[in-house]
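Structural overview
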Amino acid sequence: QVQLVESGGGLVQAGGSLRLSCAASGSIFSYNVMAWYRQAPGKQREFVASITTIRINYADSVKGRFTISRDNAKNTVYLQMNSLKPEDTAVYYCKGIYYAQSYWGQGTQVTVSS
């Protein structure tokens, strides 16, 4: 019933930009927290950015380059990624937190070539 679906990934050159989208559907209409994580091959999943109604947080590695935003009417969260680096290459996952329960999307691949 509850789904988070990421889109917008792709292949870009270093210095380029991508905008990821995460569309939420199902019985949860408003998550307390929505966030982006990423996982590169052979590495652990890491936090990228999060957004609540009052606060936005970013990992130090993406501050100044990535922007998270939220469209409450569409129940969608976005991640605008600028000045992309090869080390940004990963599968990007959307996460929604509704009280004590976390929900994950299936991920979208972002590949940044040098």
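Residues numbered from 1 in each chain as written. Predicted model: local features only at pLDDT ≥ 70, side-chain atom pairs only at ≥ 80, totals over all residues. Heavy atoms only, no water.

Side note on the pattern of salt bridges
Spelled out, the test is: Salt bridges are identified by distance alone: a Lys or Arg side-chain nitrogen within 4 Å of an Asp or Glu carboxyl oxygen. Burial classification: accessible surface area is computed with a 1.4 Å probe over protein chains only, and a residue below 20% of its type maximum counts as buried, one above 50% as exposed, and the rest as partly exposed.
Under the criterion given, the structure shown has 4 salt bridges. Its salt-bridge partner being Arg38, residue Glu46 comes within 2.7 Å of it at the nearest N-O pair. The exposure class assigned to Glu46 is partly exposed, which follows from its relative accessible area of 36%. A single salt-bridge network, built from bridges that share partners, covers Arg38, Glu46, Arg65 and Asp88.

Some details on unusual backbone geometry
The condition is simple: For helices the rule is a DSSP run of H or I covering at least 4 residues; for strands it is a run of E covering at least 2, with both sets numbered from the N terminus onward.
Its identity is not glycine, yet Ser83 carries a phi of approximately 50°, on the positive side. Within the secondary structure, Ser83 sits in the loop between β8 (76-81) and β9 (90-98). When its relative accessible area of 43% is taken as the criterion, Ser83 is described as partly exposed. Located in the positive-phi region is Tyr99, a residue other than glycine, with phi close to 55°. Turning to its location among the elements, Tyr99 is positioned in the loop between β9 and β10 (101-104).

A word on the pairing of strand β4 (residues 33-39)
For the record, the criterion: Between any two strands, at least two bridges found by DSSP are needed for them to pair.
Taking burial as the measure, the 7 residues of β4 include 5 buried ones, the bulk of the element. Summarising the sheet, β4 and β9 pair through 7 bridges and their orientation is antiparallel. The partner of Trp36 across the bridge, within β9, is Cys94. For β4 and strand β5 (residues 46-51), the ladder comprises 5 bridges, and the chain directions are antiparallel. Residue pairing in the sheet places Arg38 in a bridge with Glu46 of β5. In this antiparallel pair of consecutive strands, β4 and β5, the connection spans 6 residues, and Gly42 shows a positive phi of 75°.

Some words on the side chain of Arg65
Cut-off, in case you're wondering: A 3.5 Å cut-off defines polar contacts: any pair of N or O atoms within that distance qualifies, except that in protein one atom must be a possible hydrogen donor and the other a possible acceptor, and neighbouring residues in sequence count only when both atoms are side-chain atoms. Note on contacts: a residue pair qualifies if any of its non-hydrogen atoms lie within 4.5 Å across the two residues.
Within the element layout of this structure, Arg65 appears in the loop between β6 (56-58) and β7 (66-71). From its side chain, Arg65 meets the backbone oxygen of Ser83 in a polar contact 3.0 Å long. Every residue in contact with Arg65, bar those within four places of it in the chain, is listed here: Gln80, Met81, Asn82, Ser83, Leu84, Lys85 and Asp88.

Some remarks on the side chain of Thr108
Looking at the element boundaries, Thr108 is found in strand β11 (residues 108-113). From its side chain, Thr108 meets the backbone nitrogen of Gly9 in a polar contact 3.2 Å long. Every residue in contact with Thr108, bar those within four places of it in the chain, is listed here: Glu6, Ser7, Gly8, Gly9, Leu20, Ala90, Val91 and Tyr92.

As for the packing of aromatic side chains
Our working rule: Stacked, tilted and edge-to-face pairs are distinguished by plane angle, under 30 degrees for stacked and over 60 for edge-to-face with tilted covering the rest, among Phe, Tyr and Trp rings (Trp via its six-membered ring) whose centres lie within 6.5 Å. Lysine and arginine charges are scored as sitting over a ring when NZ or CZ, respectively, is within 6 Å of the ring centre and within 35 degrees of the ring normal.
What the rule picks out here adds up to 4 aromatic pairs. Here the aromatic rings of Tyr31 and Tyr103 are separated by 6.0 Å at their centres, their planes lie at 70°, and the arrangement is edge-to-face. Residue Tyr31 is located in the loop between β3 (18-25) and β4, and its partner Tyr103 is located in strand β10; the two are separated by 72 residues in the primary sequence. Taking relative accessible area as the criterion, Tyr31 reaches 2% and is therefore assigned buried. Seen in terms of ring centroids, Tyr98 and Tyr99 are 4.9 Å apart; in terms of plane orientation they differ by 85°. Their pairing is edge-to-face. The class for Tyr99 is exposed, based on a relative accessible area of 62%. One aromatic cluster is present, formed by Tyr37, Phe47 and Trp104 through successive ring pairs. One Lys or Arg, Arg45, reaches over the ring of Tyr93 and ends 3.7 Å from the middle of that ring. Above the ring of Trp104, the side-chain terminus of Arg45 is found at 4.7 Å from the ring centroid.

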